[in-house]
Amino acid sequence: MGNMNFVKESKEVIAANGANMRLSAMQNGIDIYKVWGKMMNCGGYGQCGTCIVEITEGIENLSPRTDAENQILKKKPENYRLACQTLVNGPVSIITKPK
């Protein structure tokens, strides 16, 4: 199971292996977007970069970065991911809206 611990929200979401992080968060009432992203997100296609999250634990339980992520996150730390492009295959801790 893909247990996702959303640190700031103090909420744990349990999803099947291979679940999309963005969809799982949204289905469980977790807001991953800052103000601008709420109005101008691409709907999960990996084009806008507004669903950036920071992974604090369990990065090895995530799908590899996609080409879209590598392009958008090229100046960000390796533990930053686009939630819309990330599939969860095990326990992971996530910080939404990192600075």
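Note that the structure is a prediction, hence the values are computed from the model and not measured.

**Regarding the pattern of salt bridges**
Pairing between side chains of opposite charge can happen when their charged atoms approach one another.
Reasoning step 1: Throughout the structure, instances matching the rule amount to three salt bridges.
Reasoning step 2: Between Lys97 and Asp31 there is a salt bridge, with its nearest N and O atoms 3.6 Å apart. Taken together, the positions of Lys97 in the segment after strand 7 (92-96) and Asp31 in the loop between helix 1 (21-27) and helix 2 (35-40) put the pair 66 residues apart, joining distant regions of the chain.
Reasoning step 3: With a relative accessible area of 27%, Lys97 lands in the partly exposed category.
Reasoning step 4: A relative accessible area of 29% means that Asp31 is categorised as partly exposed.
Reasoning step 5: The salt bridge partner of Arg81 is Glu69, with a shortest N-O separation of 2.7 Å. Of this pair, Arg81 sits in strand 5 (residues 80-82) while Glu69 sits in helix 3 (residues 67-72), and the two are 12 residues apart along the sequence.

**Focus: unusual backbone geometry**
Reasoning step 1: The backbone of Ser10 shows a phi angle near 50 degrees, a positive value even though the residue is not glycine.
Reasoning step 2: Turning to its location among the elements, Ser10 is positioned in the loop between strand 1 (2-6) and strand 2 (11-15).
Reasoning step 3: We classify Ser10 as exposed; its relative accessible area is 68%.
Reasoning step 4: Despite not being glycine, Lys97 has its phi angle at roughly 50 degrees, a positive value.

What counts, and where the lines are drawn
- Residues numbered from 1 in each chain as written.
- Predicted model: local features only at pLDDT ≥ 70, side-chain atom pairs only at ≥ 80, totals over all residues.
- Heavy atoms only, no water.
- Salt bridge = Lys/Arg side-chain N within 4 Å of Asp/Glu carboxyl O.
- Helix = DSSP H or I, 4+ residues; strand = E, 2+ residues; numbered from the N terminus.
- Buried < 20%, exposed > 50% of the residue type's maximum accessible area, 1.4 Å probe, protein only.

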